Amino acid sequence: MRMAWEEWERAKEAAARGETGMRLNEAGPAGAAAPDLVVHQDDLGAVGHEAFVLHGELKKRADIAGTGADRSGSGSTMQAAAALKGHNFELGAELETTVEVWTSQVKHVLQACAHISNHLDFSKKLHAHDDAEIATEIGGRAGPVSVSALNDYFR
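Within the protein, the secondary structure is distributed over 5 helices and 0 strands. Helices and strands in the protein line up, N terminus first, as α-α-α-α-α. By residue count, 15% of the 155 residues in the protein fall in the buried class. Contacts in the protein between residues at least 24 apart in sequence constitute 50% of all its contacts with a sequence separation of at least 6. Of the roughly 12400 Å² of accessible surface on the protein, a fraction of 59% belongs to carbon and sulfur atoms.

By the secondary structure assignment, serine 76 is in the loop between helix 2 (41-61) and helix 3 (77-86). Reaching out from serine 76, the side chain makes a polar contact with the backbone nitrogen of methionine 78 at a distance of 3.1 Å. Within polar-contact distance, the side chain of serine 76 engages the backbone nitrogen of glutamine 79 at 3.2 Å.

Turning our eyes to something else, we now look at the pattern of salt bridges. Evaluated as defined, the whole model comprises 3 salt bridges. With a shortest N-O distance of 3.1 Å, glutamate 96 and lysine 85 are connected by a salt bridge. Remark: lysine 85 occurs in helix 3 and glutamate 96 occurs in helix 4 (residues 90-139); sequence separation between them is 11 residues. Its relative accessible area of 19% is what places glutamate 96 among the buried residues. Exposure remark for lysine 85: the relative accessible area of 40% places this residue in the partly exposed category. Here the salt bridges do not stand alone but share partners, grouping Glu57, Lys60 and Arg61 into one network.

Chain-level statistics for the protein give a pLDDT mean of 74 and a share of 65% at 70 or above. Model confidence for the protein, summarised as mean pLDDT per element, is weakest for helix 1 (residues 5-16) at 70 and strongest for helix 3 at 90. Note that residues 22-26 has pLDDT below 50 and, in this model, 2 contacts with residues that lie over four places away or in other chains.

Capping of helix 3 at its N-terminal end is provided by serine 76; its side-chain oxygen lies 3.1 Å from the backbone amide nitrogen of methionine 78. Just downstream of helix 3, asparagine 88 is the residue with a positive phi angle, here 60 degrees.

On to the environment of histidine 119. Mapped onto the fold, histidine 119 is located in helix 4. Relative accessible area serves as the criterion here: at 44%, histidine 119 is assigned to the partly exposed category. When the C-alpha positions of histidine 119 and leucine 44 are compared, they lie 9.4 Å apart, and in sequence the two are 75 residues distant.

In this section: unusual backbone geometry. Not every positive phi belongs to a glycine, and asparagine 88 is a case in point at roughly 60 degrees. Residue position: asparagine 88 is located in the loop between helix 3 and helix 4. Overall, the relative accessible area of 73% leaves asparagine 88 in the exposed class.

What counts and what doesn't
Position numbers for residues count from 1 along each chain, tracking the sequence in the order it is written. Local features are withheld for residues below a pLDDT of 70 in this predicted model, meaning they are given only at 70 or higher, and side-chain atom pairs are given and counted only at 80 or more; totals for whole chains, interfaces and linings count all residues. Neither water nor hydrogens contribute to the side-chain values; these are computed over all heavy atoms in the structure. Each helix corresponds to a stretch of at least 4 residues labelled H or I by DSSP, and each strand to a stretch of at least 2 residues labelled E; elements are numbered beginning at the N terminus. For every residue, the accessible area obtained with a 1.4 Å probe (protein chains only) is divided by the maximum for its type, and the residue is called buried under 20%, exposed over 50%, and partly exposed between those limits. Two residues form a contact once any of their heavy atoms are found within 4.5 Å. In these tables, accessible area is a Shrake-Rupley quantity obtained with a 1.4 Å probe, and a residue counts as shielded only by the protein chains included in the view. Counting of polar contacts relies on pairs of N or O atoms within 3.5 Å, with two restrictions inside protein: one atom must be capable of donating a hydrogen and the other of accepting it, and residues adjacent in sequence are counted only when both atoms are side-chain atoms. A pairing counts as a salt bridge when a side-chain nitrogen of Lys or Arg comes within 4 Å of a carboxyl oxygen of Asp or Glu. A residue's pLDDT is simply how confident the predictor is in it, with values from 0 to 100.

Here you go:
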(Lines give C-alpha, C1' and ligand atoms only; values in the text may rest on other atoms or scores of the structure.)
Protein backbone atom coordinates (compact mmCIF):
# COMPACT_ATOMS: atom_id res chain seq x y z
CA MET A 1 0.00 0.00 0.00
CA ARG A 2 1.47 3.35 -0.98
CA MET A 3 1.59 6.20 1.47
CA ALA A 4 0.43 9.53 0.11
CA TRP A 5 3.20 12.15 -0.15
CA GLU A 6 1.51 14.47 2.35
CA GLU A 7 1.09 11.63 4.84
CA TRP A 8 4.78 10.75 4.46
CA GLU A 9 5.79 14.37 5.07
CA ARG A 10 3.58 14.52 8.20
CA ALA A 11 5.12 11.29 9.49
CA LYS A 12 8.65 12.64 8.94
CA GLU A 13 7.81 15.91 10.73
CA ALA A 14 6.25 14.04 13.67
CA ALA A 15 9.29 11.80 13.92
CA ALA A 16 11.59 14.84 13.89
CA ARG A 17 9.60 16.27 16.80
CA GLY A 18 9.82 12.94 18.62
CA GLU A 19 6.06 12.40 18.42
CA THR A 20 6.12 9.03 16.75
CA GLY A 21 4.89 6.08 18.78
CA MET A 22 6.80 3.51 16.76
CA ARG A 23 10.50 2.71 16.61
CA LEU A 24 11.99 0.14 14.34
CA ASN A 25 15.43 -1.42 14.64
CA GLU A 26 16.52 0.48 17.71
CA ALA A 27 16.53 0.07 21.43
CA GLY A 28 14.52 2.37 23.62
CA PRO A 29 16.09 5.20 25.57
CA ALA A 30 18.17 4.47 28.65
CA GLY A 31 16.00 3.30 31.51
CA ALA A 32 13.30 2.00 29.16
CA ALA A 33 11.54 -1.28 29.83
CA ALA A 34 13.46 -4.50 29.31
CA PRO A 35 13.75 -5.70 25.72
CA ASP A 36 11.05 -8.07 24.47
CA LEU A 37 13.48 -10.53 22.90
CA VAL A 38 16.69 -11.74 24.45
CA VAL A 39 18.63 -14.58 22.88
CA HIS A 40 21.63 -16.30 24.38
CA GLN A 41 24.10 -18.43 22.45
CA ASP A 42 22.95 -21.54 24.30
CA ASP A 43 19.40 -20.82 23.10
CA LEU A 44 20.54 -20.55 19.49
CA GLY A 45 22.38 -23.84 19.74
CA ALA A 46 19.44 -25.60 21.41
CA VAL A 47 16.91 -24.42 18.81
CA GLY A 48 19.28 -25.29 15.97
CA HIS A 49 19.80 -28.75 17.46
CA GLU A 50 16.05 -29.33 17.81
CA ALA A 51 15.53 -28.31 14.18
CA PHE A 52 18.26 -30.80 13.20
CA VAL A 53 16.62 -33.57 15.26
CA LEU A 54 13.18 -32.77 13.81
CA HIS A 55 14.62 -32.90 10.30
CA GLY A 56 16.14 -36.32 10.92
CA GLU A 57 13.03 -37.79 12.52
CA LEU A 58 10.68 -36.35 9.89
CA LYS A 59 12.85 -37.64 7.07
CA LYS A 60 12.99 -41.07 8.68
CA ARG A 61 9.30 -41.36 9.59
CA ALA A 62 7.36 -39.34 7.01
CA ASP A 63 5.93 -41.47 4.25
CA ILE A 64 7.50 -39.47 1.44
CA ALA A 65 6.07 -40.45 -1.96
CA GLY A 66 3.73 -42.99 -0.40
CA THR A 67 6.29 -45.78 -0.29
CA GLY A 68 4.92 -47.29 2.89
CA ALA A 69 6.26 -47.03 6.43
CA ASP A 70 8.82 -49.79 5.89
CA ARG A 71 9.92 -48.35 2.50
CA SER A 72 9.55 -51.80 0.94
CA GLY A 73 6.68 -50.70 -1.28
CA SER A 74 4.29 -53.33 0.08
CA GLY A 75 1.03 -51.67 1.09
CA SER A 76 2.27 -48.52 -0.60
CA THR A 77 -0.16 -45.68 -1.08
CA MET A 78 1.00 -45.21 -4.65
CA GLN A 79 0.44 -48.91 -5.38
CA ALA A 80 -3.08 -48.58 -4.02
CA ALA A 81 -3.64 -45.52 -6.19
CA ALA A 82 -2.39 -47.40 -9.26
CA ALA A 83 -4.63 -50.37 -8.51
CA LEU A 84 -7.67 -48.11 -8.08
CA LYS A 85 -6.90 -46.28 -11.32
CA GLY A 86 -6.44 -49.63 -13.07
CA HIS A 87 -10.01 -50.50 -12.09
CA ASN A 88 -11.28 -47.12 -13.34
CA PHE A 89 -11.91 -45.66 -9.89
CA GLU A 90 -11.49 -41.87 -9.80
CA LEU A 91 -10.27 -42.27 -6.22
CA GLY A 92 -6.96 -43.59 -7.61
CA ALA A 93 -6.08 -40.27 -9.27
CA GLU A 94 -7.17 -38.36 -6.17
CA LEU A 95 -5.02 -40.60 -3.98
CA GLU A 96 -2.03 -39.92 -6.25
CA THR A 97 -2.68 -36.18 -5.93
CA THR A 98 -2.86 -36.51 -2.15
CA VAL A 99 0.51 -38.29 -2.07
CA GLU A 100 2.06 -35.63 -4.33
CA VAL A 101 0.78 -32.81 -2.10
CA TRP A 102 1.91 -34.64 1.05
CA THR A 103 5.37 -35.24 -0.43
CA SER A 104 5.69 -31.60 -1.45
CA GLN A 105 4.66 -30.36 2.00
CA VAL A 106 7.01 -32.72 3.82
CA LYS A 107 9.89 -31.62 1.59
CA HIS A 108 9.11 -27.96 2.37
CA VAL A 109 9.12 -28.67 6.12
CA LEU A 110 12.39 -30.60 5.79
CA GLN A 111 13.92 -27.70 3.89
CA ALA A 112 12.74 -25.23 6.56
CA CYS A 113 14.18 -27.38 9.36
CA ALA A 114 17.52 -27.61 7.56
CA HIS A 115 17.54 -23.86 6.96
CA ILE A 116 16.76 -23.09 10.62
CA SER A 117 19.35 -25.55 11.89
CA ASN A 118 22.08 -24.28 9.57
CA HIS A 119 21.30 -20.62 10.17
CA LEU A 120 21.25 -20.91 13.95
CA ASP A 121 24.42 -22.99 14.02
CA PHE A 122 26.10 -20.35 11.85
CA SER A 123 24.77 -17.52 14.08
CA LYS A 124 26.01 -19.23 17.23
CA LYS A 125 29.51 -19.68 15.77
CA LEU A 126 29.59 -16.13 14.41
CA HIS A 127 28.57 -14.59 17.75
CA ALA A 128 31.07 -16.74 19.64
CA HIS A 129 33.79 -15.55 17.28
CA ASP A 130 32.70 -11.90 17.71
CA ASP A 131 32.66 -12.27 21.50
CA ALA A 132 36.15 -13.77 21.49
CA GLU A 133 37.46 -10.99 19.26
CA ILE A 134 35.96 -8.28 21.49
CA ALA A 135 37.28 -9.95 24.64
CA THR A 136 40.76 -10.17 23.14
CA GLU A 137 40.75 -6.53 22.08
CA ILE A 138 39.40 -5.23 25.38
CA GLY A 139 41.54 -7.59 27.44
CA GLY A 140 44.70 -6.33 25.76
CA ARG A 141 44.15 -2.75 26.88
CA ALA A 142 45.88 -1.23 29.86
CA GLY A 143 43.45 0.57 32.09
CA PRO A 144 39.74 1.20 31.63
CA VAL A 145 38.09 1.06 28.23
CA SER A 146 36.75 4.39 27.02
CA VAL A 147 33.04 4.87 26.55
CA SER A 148 33.56 5.70 22.87
CA ALA A 149 35.44 2.41 22.34
CA LEU A 150 32.63 0.46 23.99
CA ASN A 151 30.03 2.41 22.05
CA ASP A 152 31.61 1.20 18.78
CA TYR A 153 30.59 -2.37 19.65
CA PHE A 154 26.91 -1.43 19.91
CA ARG A 155 26.58 0.12 16.47
